Amino acid sequence: MVKLKRFKGNPILKPIKNHDWEKYVYNPGAIFLEDKVHIIYRAMGKDRISRFGYASSKDGFHIDERLDEPIYVPSGEFEEPVVKFRNSGVEDPRVVKIGKKIYMTYAAVNGRVSYIALASIDVKDFLNKKWKWKKHGILFPDCDGRNAVLFPKKIKNRFVLYPRFKPDIFVSYSKDLKNWTKPKRVMKPRKGRWDDLKIGAGTPPILTEKGWLLIYHGVQATRKGNIYRVGLALTDLENPEKILFRSEKPILEPIKKYERIGQVNNVVFPCGAVVLEEKLYVYYGGADSVVCVATADISKLLP
Ligand code: BMA
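So, a few notes on the structure that sits alongside this text. Remember, it's a predicted structure, so these values are computed and weren't measured experimentally.

### Focus on the sheet that holds strand 10 (residues 146–150)
Piece 1. The strand order 10-11-12-13 describes an open sheet built from 4 strands, whose pairing is antiparallel. A strand with exactly one partner marks an edge of an open sheet, and here the two such strands are strand 10 and strand 13 (184–187). Between one strand axis and the next, the sheet turns through 30° on average, direction left out of account.
Piece 2. With 5 bridges connecting them, strand 11 (residues 159–165) and strand 12 (residues 168–174) associate as antiparallel partners. From the neighbouring strand, F159 faces strand 12, where its bridge partner is S174.

Here is the structure:
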């Protein structure tokens, strides 16, 4: 099985010292539009509130541009802290383009519960850096959830989402992005393996000839604490409930110092991927502290 190859210049983003809102930067979403990779990353501030920052790269590795201010900030009852000194805000953004809009799924966290939230923006405004986001709110009001990825294409005329309700990955469909079908379980942790405790979708599914490629994270409980690794699954092009393949072994695991030691040790956590000339670029957080990238030839990665 092919593994992801880390970029030698990792981490590609570290916190900027005089940005109070960036004590840690991690778990980045990514999208390729108009000749560059747009990276939307989670930044946790000294106040323990998470917001989203923006950077871009022409070659997928080197950062050409980075903004001084966040592009998306928490607001409202689900994103503002109800308890002091607990992590809150907006976390782990995943972005896809459907038609003329960019949709962003993320976790809305109020210090107590985490909900799956959705926002959107016109592609034109996004490219012009006019951050006119529309907040669609919480998708499953009664369920503590996170790690939701939207498929970049409708299937049979419906939007398709893979949300995570602990510890499994589910699927849910919607015609209008407001009303979602009752989530149905599609993937579970596997006993005794690298993904035995809980799993969650990582990057939005990637269209390939063989099926939808899903990069996901798996957590293993060990005596030394939880280890977050990355694996892949392939799902049927027409039926997202049908899992065709799941990698036996992880394709990325915390080995480098920037993945082993940080705010939370032993974590690689992907939220975005792009394909440039048949090569897959996976953007991930290292140890909940920095932003990294790793790549693989897409044909070699597929079973
Ligand atoms: C998960 C989420 C992620 C985080 C990971 C490792 O539960 O909170 O945002 O990267 O834990 O701490």
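Having seen it, we continue.
### Some words on the site of the ligand
Piece 1. Close to the ligand lie N27, R42, D92, R146, Y228, V264, V267, F269 and D288, which account for all nearby residues.
Piece 2. Here N27 contributes a side-chain N or O atom positioned 2.9 Å from an oxygen atom of the ligand.
Piece 3. Between the ligand and R146 there is a distance of 3.5 Å, counted from an oxygen atom to a side-chain nitrogen or oxygen.
Piece 4. When the ligand sits alone it has 310 Å² of accessible area, and the protein chains cover 83% of it.
Piece 5. Of the pockets mapped on this structure, the ligand occupies the largest pocket.
Piece 6. Split by residue class, the shell around the ligand holds 4 nonpolar, 1 polar and 4 charged.

### Things to note about the layout of surface pockets
Piece 1. Empty space within the largest pocket amounts to approximately 660 Å³.
Piece 2. Lining of the largest pocket is provided by 27 residues; of these, E91, R146, K166, K198 and Y228 occupy positions nearest its centre.
Piece 3. At the level of elements, strand 2 (24–33), strand 6 (88–98), strand 10, strand 11 and strand 17 (225–235) are the ones that each hand at least two residues to the lining of the largest pocket.
Piece 4. A class-by-class count of the residues in the lining of the largest pocket yields 8 nonpolar, 9 polar and 10 charged.
Piece 5. Listed by contribution, the elements that provide at least two residues to the lining of the second largest pocket are strand 2, strand 6, strand 15 (206–208) and strand 19 (268–276).
Piece 6. A class-by-class count of the residues in the lining of the second largest pocket yields 13 nonpolar, 1 polar and 1 charged.

Quick notes on the rules
- Residues numbered from 1 in each chain as written.
- Predicted model: local features only at pLDDT ≥ 70, side-chain atom pairs only at ≥ 80, totals over all residues.
- Heavy atoms only, no water.
- Pairing = 2+ DSSP bridges.
- Helix = DSSP H or I, 4+ residues; strand = E, 2+ residues; numbered from the N terminus.
- Axes fitted to C-alpha atoms, helices over the stretch in contact; angles between N-to-C directions.
- Near = heavy atom within 4 Å.
- Polar contact = N/O pair within 3.5 Å; in protein donor to acceptor, adjacent residues only side chain to side chain.
- Areas by Shrake-Rupley, 256 points an atom, 1.4 Å probe, with all protein chains shown as cover.
- 1 Å grid on protein atoms, 1.4 Å probe; cavity = no way out; pocket = protein on both sides within 12 Å on 5 of 7 lines; lining within 4 Å.
- Sits in = over half its atoms within 2 Å of the grid points.
- Nonpolar A, V, L, I, M, F, W, Y, C, P; charged D, E, K, R; others polar.
- Points joined across faces, edges and corners; volume = space filled by probe spheres on them.

Note that all results are geometric; they support no functional claim without further evidence.
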